[in-house]
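# Examining the three-dimensional arrangement
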Amino acid sequence: MAESLQLPIIDLTSPDRVSAARAIRQACVEVGFFYLINHGVEEKLFKEVLEHSKKYFSLPVEEKTKLVRRNNRGYTPLYAENLDPSSGTQGDSKESFYIGPLEDSRAVGTLNQWPAEEILPCWRSTMEDYYKGVLDAGIRLISLIALALELDEDFFHKAGACDSPNAFLRLLHYPGELQLSEQVVYGASAHSDYGMLTLLATDGVGGLQVCREKFKRPQIWEDVHHLSGAFIVNIGDMMERWTNCLFRSTLHRVMPTGQERFSMAFFLEPNPDCVVECLKSCCSNSSPPRFPPIRAGDYLEERLKVTYAS
C-alpha cells in the first residue's frame, strides 16, 4: 500500500512572487512535483475538454486509427508505448491522442491531425482553446521558476526556450477493465518526463504515484491525489539537466485501479533550437556540469525513439 504524498500548493497569481518562487524551489528540490492553482484555465473549459476526450476514445477502433500517430501527433493505441523499456512488459495499458504546436513554423500550417467536424463537432476548437490556455499558464510559471533559480524572470525567454515552444497536449485514456495477464500491467510504467515542465489535469480517479529516490532500492512509491481546480506540475528531464540535478525530474507511474481514468498532460518543451546547458547558478568548482550542452529538439527526438521502439 503506497503512502500519500502531501504536495505544496503554488498560487500563480500570488502578489508575493518572491515567496512563491521560494516555495517552488523547495518543491522542485525535494520532490519535483507541486499543485498549481489560479492558473487561469476555467473549470468549464476543463470539463468540456474532458467530455470531448471521452467522446473521441469511445469511437470505434477503426475510426480512431484513421488518425494514427504521425510526427508525434494523433492517436496511439493500447500497449503501443512502453515508458519503461526495461520492464519487459507488453506495453502500457493506455491509449492517447497527441496535439502539437498549433502553428508549426517548420511546415505550412500545422502537422496536427483532427477528427472530422461532422463526427465530433467543436472538438478541434475546444482542444485549441485548452492548449492556448495551458500554454499561457506554463509560460507564466516558467518566469517564477527562473526566479526560483535566482535568475532574471525572463531568463528562459531570453534563452529562446519560450520562442515558439515545442509544447504538446496529450489526451489519455486508461481502461477500467484489462485483459488477464501473468505480467504486471501498468497504466503508465515508471518514467520521468522529457521536457521542461508538465501540467497535468485529471478526472479525479487515482493511480498516479511518484518515487522520490529513483536510484534507491527498493523503490518507495507514494500516491499523488487529485486537487480540484489545480494542475499537478512536475519537472522534466531537460529542466533537471539545466539545473545540474538541483531540480528533480522525478520517477512517476500510473497504476490500474479498476476504474476507467482520463487525464490531460501538457508537456512544455523548449523551442527545438534552444540549447539546454548547465545554468551558471547551478554549478561550481565542487559541482561541475554533469551533462554536455544539447539542442532541445535532438534530445526530445532521441527520447521518443526509445519510447516507441518496437
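This text follows the structure it describes.
Scoring rules and cut-offs
Residues numbered from 1 in each chain as written. Predicted model: local features only at pLDDT ≥ 70, side-chain atom pairs only at ≥ 80, totals over all residues. Heavy atoms only, no water. Salt bridge = Lys/Arg side-chain N within 4 Å of Asp/Glu carboxyl O. Buried < 20%, exposed > 50% of the residue type's maximum accessible area, 1.4 Å probe, protein only. Helix = DSSP H or I, 4+ residues; strand = E, 2+ residues; numbered from the N terminus. Pairing = 2+ DSSP bridges. Contact = heavy atoms within 4.5 Å. Axes fitted to C-alpha atoms, helices over the stretch in contact; angles between N-to-C directions. Parallel < 35°, antiparallel > 145°, perpendicular 65-115°, else oblique. Nonpolar A, V, L, I, M, F, W, Y, C, P; charged D, E, K, R; others polar. Expected span 1.5 Å × (residues − 1). Phe/Tyr/Trp six-rings, centres within 6.5 Å; stacked < 30°, edge-to-face > 60°. Lys NZ or Arg CZ within 6 Å of the ring centre and 35° of its normal.

## Section: the pattern of salt bridges
Evaluation of the coordinates by the stated rule reveals 14 salt bridges. Between Lys-158 and Asp-154 there is a salt bridge, and its shortest N-O distance comes to 3.6 Å. Via salt bridges that share partners, Asp-273, Arg-295 and Asp-298 belong to a single interconnected network.

## As for the pairing of strand β9 (residues 208-211)
Residues Leu-208 and Val-210 point to one face of β9 and Gln-209 and Cys-211 to the other, with burial holding for every one of them. Note: β9 against strand β12 (residues 251-254), 4 bridges, orientation antiparallel. Directly across from Leu-208, in β12, lies its bridge partner Val-254. Here 2 bridges tie β9 to strand β10 (residues 222-223), and the two strands are oriented antiparallel to one another. In the strand pairing of β10, Val-210 is matched with Glu-222.

## Topic: the side chain of Ser-53
Here Ser-53 lies in helix α2 (residues 43-57). In contact with Ser-53, other than residues within four places in its own chain, are Trp-123, Met-127, Leu-171 and Phe-262.

## What about the packing of helix α1 (residues 17-30) against helix α4 (residues 123-148)?
At their nearest, the axes of α1 and α4 sit 8 Å apart, and the two run at 80° to each other. With respect to each other, α1 and α4 are oriented roughly perpendicular. Touching Arg-17, Ala-20, Ala-21, Ile-24 and Arg-25 of α1 are Leu-141, Ser-143, Leu-144, Ile-145, Leu-147 and Ala-148, all from α4. For the contact of α1 with α4, the class distribution of residues is 8 nonpolar, 1 polar and 2 charged.

## Observations concerning α4
One turn of the α-helix equals 3.6 residues, which is why residues spaced by three or four share an orientation. End to end, α4 covers 37 Å across 26 residues, agreeing with the expected 38 Å (1.5 Å per residue, within 8%). Immediately downstream of α4, the backbone of Glu-150 shows phi near 60°, a positive value.

## Digging into the sheet that holds strand β7 (residues 188-191)
Judged by pairing direction, the sheet is mixed, and its 5 strands sit side by side in the order β1-β10-β9-β12-β7 without closing on themselves. A single partner strand is all that each edge strand has here, and the edge strands are β1 (3-4) and β7.

## Some points on the sheet that holds strand β4 (residues 74-76)
With mixed pairing, the 8 strands of this open sheet are ordered in space as β2-β3-β11-β8-β13-β6-β5-β4. Only two strands of the sheet have a single neighbouring strand rather than two, namely β2 (9-11) and β4. In this sheet, neighbouring strand axes are inclined to one another by 25° on average, regardless of whether the strands run parallel or antiparallel. Relative to strand β11 (residues 231-235), strand β3 (residues 33-37) runs antiparallel, the two being bridged by 4 bridges. Its bridge partner being in β11, Leu-36 is matched across the sheet by Phe-231. Sheet strands touched by α1: β2, β3 and β11. Its angle to β3, the strand with the most contacts, is close to 150°. Across the sheet, α4 is in contact with β3, β5 (95-99), β6 (168-174), β8 (197-202), β11 and β13 (261-268); its angle to β13 comes to roughly 55°.

## Some points on the packing of aromatic side chains
Inspection of the entire model under this criterion finds 10 aromatic pairs. Taking 4.9 Å as the distance between ring centres and 65° as the angle between the ring planes, the aromatic pair formed by Tyr-56 and Phe-97 counts as edge-to-face. Placement of Tyr-56 in helix α2 and of Phe-97 in strand β5 is noted, with a sequence separation of 41 residues between them. For the pair Tyr-56 and Phe-97, a shared accessibility class is recorded, and that class is buried. Centre to centre, the rings of Tyr-56 and Trp-123 are 5.7 Å apart; their planes meet at 45°, and the pair counts as tilted. Here Trp-123 lies in helix α4 and Tyr-56 lies in helix α2, a separation of 67 residues in the sequence. Owing to a relative accessible area of 1%, Tyr-56 belongs among the buried residues under this scheme. The aromatic ring of Trp-221 is capped on one face by Arg-253, whose charged end is 4.0 Å from the ring centroid.

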